[in-house]
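These are the residues of each chain, in order.
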Amino acid sequence: MTAETTPDLVVVGSGFFGLTIAERCASELGLKVLVLERRHHLGGNAYSEFDEETGIEVHVYGTHLFHTSNKRVWDYVNRFTEFTGYQHRVYAKYEGQVYSFPMNLGLINQFFGRSHTPDEARALIAEQASEIDTADAQNLEEKAISLIGRPLYEAFVRGYTAKQWQTDPKELSADIITRLPVRYTFDNRYFNDDFEGLPVDGYTAWLERMASHENIEVRLDTDFFDVAEEFKGKVPIVYTGPVDEYFGSSEGRLSWRTIDLEAETLDVDDFQGTGVVNANDEGVPFTRTLEFKHLHPERTYLPGKTIVVHEYSRFAEEGDEPYYPVNTAEDRAKLLRYRELAKAEPMVLFGGRLGTYKYLDMHMAIGSALSMFDNKLAPHFTDGAALTSGGVDE
């Protein structure tokens, strides 16, 4: 596609949502698709790169773990990459001890210092949770105690939550948590999905294959708003950037949490023995420690070296990369107003995590993009159906 060629579709953002839209429209409909990406690389927050010194694949924006029970999504992504048999397991460090996580029978036995049968463990947690009735909970702390009891809350929820939200859990809404799962088995697999694994040759190779169709042009280092007038009202647009930014924050900025990542290369073969260890002590400033080489134990690495990343959570400020919607009542009210603006925006569809102000895992973003292709884009380009957004909640 040359600079003089008008694309059939413009996709703003090259994360999994945007690339799925671009790939489907190029492959299935034969459309010329222009993908605009403001960063120097494609792939959004799923982008990864191999460290030259150690050969370790570093997930630049934090650990990304693919899992899904959606057979259509699984079949789709396998067109672009093979997956390892990796199953994610997380551990939680509290007061100098490391526990299996999520909370399960192994953690309960270790934490309380004796063996429990599943029924004994259920009875123990039910007794501790009876301190507060869930219906009477006034804040996150009370809600959590009503679900799992005070001892487990204070060890594994309070400190981590306070660091994640930079707020005392007593000041957080009870609505933030709907449930706190406790497994009364020794199962310590983090996800319960039917399909799970990591791309054999890395995320960036997978993403590049999605964008490799001859009908797709990707322009990096290009801010949509610098070129918006070339396309708005002239060609259909799928916008996956922040919805408030699209409308100039006219209804107020939506609030997000972001993460800071501090990486260091250490002169040891293995720092922590697993990929992710949560830091549950309130006095430890970071929320978790990542060691990427454990995500691909099948690979060969430079001996005597590892890369460790400490992850910190905070509220996003202007210029930060948004990760998780805070989704307060005030945010939800703003979002409703943005949805009304989106409905009136001609030939623009809003999608993805930023465009819908929803936290979407990778498989959810891909599934949502496939639905948008089926229900909006294909009918428009094949049958001339009107291209209306319906708001950002596609």
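This one's a predicted model, so the numbers in the text were calculated from it and none came from an experiment.

(A) Structural view of the overall build of the protein. For the protein, the helix and strand inventory stands at 13 helices and 16 strands. Relative to the globule expectation of 21 Å for 394 residues, the C-alpha radius of gyration of the protein, 23 Å, shows essentially globular dimensions. Its C-alpha atoms give the protein principal-axis dimensions of about 70 × 55 × 35 Å. Within the span of the protein, comprising 394 residues, buried residues form 55% of the whole. Long-range contacts, defined here as pairs at least 24 residues apart, represent 73% of the contacts in the protein between residues at least 6 apart. Surface accessibility of the protein: about 17700 Å² in total, with carbon and sulfur atoms responsible for 47%. Here the protein contributes 38 positively and 65 negatively charged side chains, and the mean placements of these two sets differ by 3 Å.

(B) Layout of the sheet that holds strand E2 (residues 33-36). With parallel pairing, the five strands of this open sheet are ordered in space as E9-E2-E1-E10-E16. The strands lining the two open edges of the sheet, one partner per strand, are strand E9 (216-219) and strand E16 (348-350). Sheet twist, expressed as the average angle between the axes of neighbouring strands with direction ignored, equals 20°. Here three bridges tie strand E10 (residues 237-239) to E16, and the two strands are oriented parallel to one another. Bridge pairing in E16 places Ile237 opposite Val348.

(C) Main features of the packing of helix H4 (residues 118-129) against helix H5 (residues 140-148). The N-to-C vectors of H4 and H5 enclose an angle of 145°; their axes lie 6 Å apart at closest approach. Residues Ile125, Gln128 and Ala129 of H4 form the contact with H5, whose participating residues are Ile145, Ser146, Leu147 and Ile148. Its residues assigned to classes, the contact of H4 with H5 comprises five nonpolar, two polar and no charged.

(D) Looking closely at the packing of aromatic side chains. As enumerated under the stated definition, the model contains 31 aromatic pairs in all. Their ring planes at 10° and their centres at 5.2 Å tell us that Trp74 and Phe195 sit as a pair that is stacked. Pair noted here: Trp74 is in helix H2 (residues 71-77) and Phe195 is in strand E8 (residues 195-197), with a separation of 121 residues, a long-range link. A ring pair is formed by Phe247 and Tyr338, whose centres lie 6.1 Å apart and whose planes are at 20°; its orientation type is stacked. Here Tyr338 lies in helix H11 (residues 329-343) and Phe247 lies in the loop between helix H10 (243-246) and strand E11 (256-266), a separation of 91 residues in the sequence. Residue Phe247 is classed as buried on the basis of its relative accessible area, which comes to 15%. Feature note: the residues Phe16, Phe66, Trp74, Phe83, Phe195, Tyr203 and Trp206 constitute an aromatic cluster, connected by ring pairs. Lying over the aromatic face of Tyr61, Arg39 brings its terminal NZ or CZ to 4.3 Å of the ring centre. A cation over a ring is seen here: Arg257 above Trp165, with NZ or CZ 4.4 Å from the ring centre.

(E) Expanded view of the nonpolar core. With 84 residues, the main nonpolar core has Phe16, Phe66, Val77, Phe156, Tyr203, Trp206 and Ile366 as its most contacted residues. Among all residues touching Tyr203, those that are not within four sequence positions of it are Phe16, Ala46, Ser48, Glu57, His59, His64, Leu65, Phe66, Leu198 and Met362.

(F) The domain arrangement of the protein, seen in detail. Under the domain assignment used here, the protein contains domain 1 (9-50 + 65-83 + 199-253 + 325-383) and domain 2 (101-176). Taking the mean C-alpha position of each, domain 1 and domain 2 sit 37 Å from one another.

(G) Region of interest: the sheet that holds strand E7 (residues 97-101). Sheet architecture is open: seven strands sit in the order E7-E6-E12-E13-E14-E11-E15, paired in mixed fashion. Looking at the sheet topology across the chains shown, the edges are occupied by E7 and strand E15 (324-325). The sheet contacts of helix H3 (residues 105-112) involve strand E6 (90-94) and E7, and relative to E7 the element is tilted by about 155°.

Conventions we followed
Along each chain, numbering runs from 1 in the same order as the chain's sequence is written. Thresholds applied to this predicted model are a pLDDT of at least 70 for local features of residues and 80 or more for the giving and counting of side-chain atom pairs; totals over whole chains, interfaces and linings are not thresholded and use all residues. To obtain the side-chain values, all non-hydrogen atoms of the structure were used and water was disregarded. We count a stretch as a helix when DSSP gives it H or I for four or more residues in a row; a strand needs E for two or more, and each element gets its number in order from the N terminus. Only C-alpha atoms enter the radius of gyration, while the globule expectation follows 2.2 Å times N to the 0.38, with N the number of residues. We call a residue buried when its accessible area falls under 20% of the maximum for its residue type, exposed when it is over 50%, and partly exposed in between, using a 1.4 Å probe and counting protein chains only. Here a residue-residue contact requires only that any non-hydrogen atoms of the pair lie within 4.5 Å. Here the accessible surface of atoms and residues is derived via Shrake-Rupley with a 1.4 Å probe, and residues count as covered only by protein chains that are part of the display. Within this scheme the basic residues Lys and Arg register as positive and the acidic residues Asp and Glu register as negative, but His and the chain ends are omitted. Just so you know, the charge point we use is NZ for Lys, CZ for Arg, CG for Asp and CD for Glu. For two strands to be treated as a pair, DSSP must find no fewer than two bridges joining them. Note on geometry: axes are lines fitted to C-alpha atoms, helical ones only across the stretch in contact, with angles between N-to-C directions running from 0 to 180 degrees. Residues are grouped as follows: Ala, Val, Leu, Ile, Met, Phe, Trp, Tyr, Cys and Pro are nonpolar; Asp, Glu, Lys and Arg are charged; every other residue, Gly included, is polar. Two rings from Phe, Tyr or Trp (for Trp, the six-membered ring) form a pair when their centres sit within 6.5 Å of each other. Planes less than 30 degrees apart are called stacked, planes more than 60 degrees apart edge-to-face, and all others tilted. Ring-over charges, as used throughout, are those where CZ of Arg or NZ of Lys falls within 6 Å of the ring centre and within 35 degrees of the ring normal. Take the buried Ala, Val, Leu, Ile, Met, Phe, Trp, Tyr and Cys residues and link them wherever side-chain atoms come within 4.5 Å; each set so joined is a nonpolar core. These domain limits were set by an automatic method or by a database of domain assignments.

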